[in-house]
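If you want the building blocks of each chain, they are given just below.
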Amino acid sequence: SSMLPFLAMADERLKENIEPVGNLDDDTPLYAYNFKGSPRTEIGVLAQEELKRDPSNVVDIGGLLAVDYGGVARRAREVGRLRRAA
C-alpha cells in the first residue's frame, strides 16, 4: 500500500449543510456536506475533529485545514481488525 498522503480540504469553515451520516470502524464520525457555493453533496470527516483524534493526519494549508484521508483510513482499518479479533 502507498505511504503517500491523500490530502483533501476538510476544514469545517469551508463546509455547510453538515449532517452526520455514520462512523468508521474506529468511531470517527462521517458527515454529508457541501462546500460553500457548491451544490454537490460530499462525504468525509471534519478537520477540526481529526485534529483532536490524530493531529498527524491534519495539515495547515494557508490557514485552512486539510486531512490525510489515507491516515484516517489506515487507523480505522487497524481498529476494525483489532475489534474483530477480540
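Structure's up top.
Reading the values: the criteria
For every chain, the first residue of the written sequence is number 1, and numbering continues from 1 onward in sequence order. At least 70 in pLDDT is required for a residue's local features to be given in this predicted model, at least 80 for side-chain atom pairs to be given and counted, and no such filter applies to totals for whole chains, interfaces and linings, which use all residues. As a rule here, side-chain values cover all heavy atoms of the structure and leave hydrogens and water aside. Residues grouped as a nonpolar core are buried Ala, Val, Leu, Ile, Met, Phe, Trp, Tyr and Cys residues, joined through side-chain atoms within 4.5 Å. Relative accessibility under 20% of the residue-type maximum defines a buried residue, over 50% an exposed one, and the middle range a partly exposed one, all with a 1.4 Å probe and only protein chains included. Counting from the N terminus, the helices are DSSP H or I runs at least four residues long and the strands are E runs at least two residues long. Whether two residues touch is decided by their heavy atoms; if any such pair falls within 4.5 Å, the residues are in contact. Contacts described as polar in this section are N or O atom pairs within 3.5 Å, which, within protein, must combine one atom able to donate a hydrogen with one able to accept it, while residues neighboring in sequence count only if both atoms come from side chains. Each pair of strands is called paired provided DSSP finds at least two bridges between the two strands. For helices, the fitted axis covers only the stretch in contact; all axes are lines through C-alpha atoms, and the angles between them, taken along N-to-C directions, range from 0 to 180 degrees.

Visitor: Whenever I open this one, the nonpolar core confuses me. Can you help?
Guide: Among soluble globular proteins, nonpolar side chains are generally buried collectively. Counting residues in hydrophobic clusters, the biggest one holds 12 residues: Ala10, Leu30, Tyr31, Tyr33, Val45, Leu46, Ala47, Val58, Leu65, Val67, Tyr69 and Val72. Going through the elements one at a time, β3 (29-35), β6 (64-68) and α2 (69-85) are the ones with two or more residues in this core. When residues in this core are grouped by element, the largest group, three residues, is from β3. Non-local contacts of Val67, meaning those with residues more than four positions away in its chain, are made with Phe6, Leu7, Ala8, Ala10, Val45, Ala47, Glu50, Asn57, Val58 and Val72.

Visitor: Sorry if this is basic, but what is going on with the environment of Val21 here?
Guide: Tracing the backbone shows Val21 in strand β2 (residues 15-23). Among all residues touching Val21, those that are not within four sequence positions of it are Leu30, Tyr31, Ala32 and Ile43.

Visitor: Whenever I open this one, the side chain of Asn34 confuses me. Can you help?
Guide: Mapping Asn34 onto the fold places it in strand β3. On the basis of relative accessibility, which here comes to 8%, the residue Asn34 falls in the buried class. Only 2.8 Å separates the side chain of Asn34 from the backbone oxygen of Ser38, close enough to count as a polar contact. Asn34 has contacts with Leu14, Lys15, Glu16, Asn17 and Arg40, leaving out every residue within four places of it along the chain.

Visitor: Teacher, can you tell me more about the sheet that holds strand β5 (residues 58-61) here?
Guide: Two pairing modes exist for strands in a sheet, parallel and antiparallel, and in both the strands are linked by backbone hydrogen bonds. An order of β1-β6-β5 is seen for the three strands of this open sheet, with the pairing classed as antiparallel. Every interior strand has two partners, whereas the edge strands, β1 (7-9) and β5, have only one. Between one strand and the next, the sheet's axes are offset by a mean angle of 35°, whatever the strand orientation. Bridging between β5 and β6 involves four bridges; their strand directions are antiparallel. Residue pairing across strands places Ile61 opposite Leu64, the latter belonging to β6. Across the sheet, α2 is in contact with β1 and β6; its angle to β6 comes to roughly 45°.

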